[in-house]
Amino acid sequence: MRLRNVTGSREMIADSRFVVHEPFELKGKWQEEFGNENPIHIEIGMGKGRFIMDLAASNPGVNYIGIEKYSTVLLRAVQKLEQNELFNLRLIRMDAEDICEAFDTAEVQRIYLNFSDPWPKDRHAKRRLPSRQFLERYGKILDKDGKIEFKTDNEALFDFSLGELEPAGWRLEAVTRDLHHDEKMLEGNIMTEYEERFSSMGNPIYKSIIVR
């Protein structure tokens, strides 16, 4: 994905009250940040924020945290929140590799990975968000009943993700290779911007839900 630079995006994010600017200081204290004891769900690579904002609006009893690496992309989500504030959503600009520095052991109940960068070259496999290296990180911050939901339109990345499960000590709870024609798994589905675009072109959407 080629990103168009937005001049001043970092500065605009730094001034936003919707962005947590020192997430490492809240490790183990996220429920205090939200002021309640509701479960915490995070999306890694949230893009422009449509998915997690729709989730937060639909589920007021859950605390949501959206994580995005790129300031230019995160800025779009900030702008949306300025128009429609959500009390149960926080945003972080952070690299996913630092996830264990921001969340404590078993502090998170669910992780969403949506249309992640496929990193197609073999030498970059460990950078893929559903890789065994990242699954190890996720396992540290998820509670014992925690789940990961993964959606993509990239068949090669999906096949790779399935092959990573057993070596990493994870297993499938549910899987489909055509989400929008799978009545059971489609129930309650919330689309991302990419999902809407790709599915409208007739591309199948792959989804898995994994547990330990």
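Cut-offs and rules
Per chain, residues are indexed from 1 in the order of the written sequence. Side-chain atom pairs in this predicted model are given and counted only at pLDDT of 80 or more, local residue features only at pLDDT of at least 70, and totals for whole chains, interfaces and linings cover all residues. The side-chain quantities take in all heavy atoms of the structure and omit both hydrogens and water. For patches, a residue must show more than 30% relative accessible area and have no salt bridge; joins then use 9 Å for like charges and 5 Å for nonpolar side chains, namely Val, Leu, Ile, Met, Phe, Trp and Tyr. All accessible-area figures derive from a Shrake-Rupley calculation using a 1.4 Å probe, and residue coverage is judged against the displayed protein chains alone. The salt bridge definition used is simple: a Lys or Arg side-chain nitrogen within 4 Å of an Asp or Glu carboxyl oxygen. We count Lys and Arg on the positive side and Asp and Glu on the negative side, and we leave His and both chain ends out. In plain terms, the charge of a residue is placed at NZ if it is Lys, CZ if Arg, CG if Asp and CD if Glu. Note on conventions: DSSP H or I runs of at least 4 residues are helices, E runs of at least 2 residues are strands, and numbering of each starts at the N terminus. A simple rule labels every residue: compare its accessible area, found with a 1.4 Å probe on the protein chains alone, to the largest value its type can have, and call it buried under 20%, exposed over 50%, or partly exposed in between. Looking down the strands as they point away from you, a crossover is right-handed if its path from the first strand over the helix to the second goes clockwise. Strand pairing follows a simple DSSP-based rule, namely that at least 2 bridges must link the two strands. The aromatic pairing rule takes the rings of Phe, Tyr and Trp, using the six-membered ring of Trp, and pairs them if the centres are within 6.5 Å, calling planes under 30 degrees apart stacked, those over 60 edge-to-face and the rest tilted. Distance and angle both matter: a charge sits over a ring if NZ of Lys or CZ of Arg is within 6 Å of the ring centre and within 35 degrees of the ring normal. Between N-to-C directions, angles span 0 to 180 degrees; the directions come from axes that are lines fitted to C-alpha atoms, helices contributing only their stretch in contact. Roughly parallel means an angle under 35 degrees; roughly antiparallel, over 145; roughly perpendicular, 65 to 115; everything else is oblique. By convention, the crossing between two helices is left-handed when the near helix turns anticlockwise from the far helix through less than a right angle, and right-handed when the turn is clockwise. Contact between two residues is taken to exist if any of their heavy atoms lie within 4.5 Å; hydrogens are not considered.

On the surface, a cluster of positive charge is made up of Lys121, Arg123, Lys126 and Arg127. Tracing the sequence through the fold places Lys126 in the loop between β4 (108–114) and α6 (132–141).

Applying the stated criterion to the full structure yields 14 salt bridges. The residue Glu149 makes a salt bridge to Arg110 at a minimum N-O spacing of 2.8 Å. Pair noted here: Glu149 is in strand β5 (residues 142–152) and Arg110 is in strand β4, with a separation of 39 residues, a long-range link. Judged by relative accessible area, Glu149 falls into the buried class, the value being 12%. Residue class for Arg110 comes out partly exposed when judged on its relative accessible area of 22%. The shortest N-O distance in the salt bridge between Asp159 and Arg177 comes to 2.7 Å. Here the residue Asp159 occupies a position in helix α7 (residues 155–168), and Arg177 occupies one in the loop between β6 (171–176) and α8 (183–186), the gap between them amounting to 18 residues.

Burial analysis of strand β1 (residues 40–44) places 5 of its 5 residues in the buried class, which makes it a mostly covered element. A crossover connection joins β1 to the parallel strand β2 (residues 63–68) through helix α3 (residues 50–58); in handedness this β-α-β unit is right-handed. By the bridge criterion, 4 bridges tie β1 to β4 in an arrangement that is parallel. Across the sheet, Ile42 pairs through a bridge with Ile111, a residue of β4.

Turning our attention to the packing of aromatic side chains. In total, this model carries 8 aromatic pairs according to the counting rule given. Three or more aromatic residues joined by ring pairs form one cluster here, namely Phe115, Tyr194 and Phe198. One residue, Arg127, lies across the ring of Trp119, its end atom 4.8 Å from the ring centre. Stacked on the ring of Phe160, the Lys or Arg Arg128 has its end atom at 4.5 Å from the ring centre.

Okay, the packing of α6 against α7 next. Direction vectors running N to C along α6 and α7 enclose 55°, while the axes themselves pass 9 Å from each other. In terms of orientation, α6 lies oblique with respect to α7. Two packed elements cross with a definite hand, and for α6 against α7 that hand is right-handed. From α6, Arg132, Gln133 and Leu135 reach across to α7, where they touch Gly163, Glu164, Leu165, Pro167 and Ala168.

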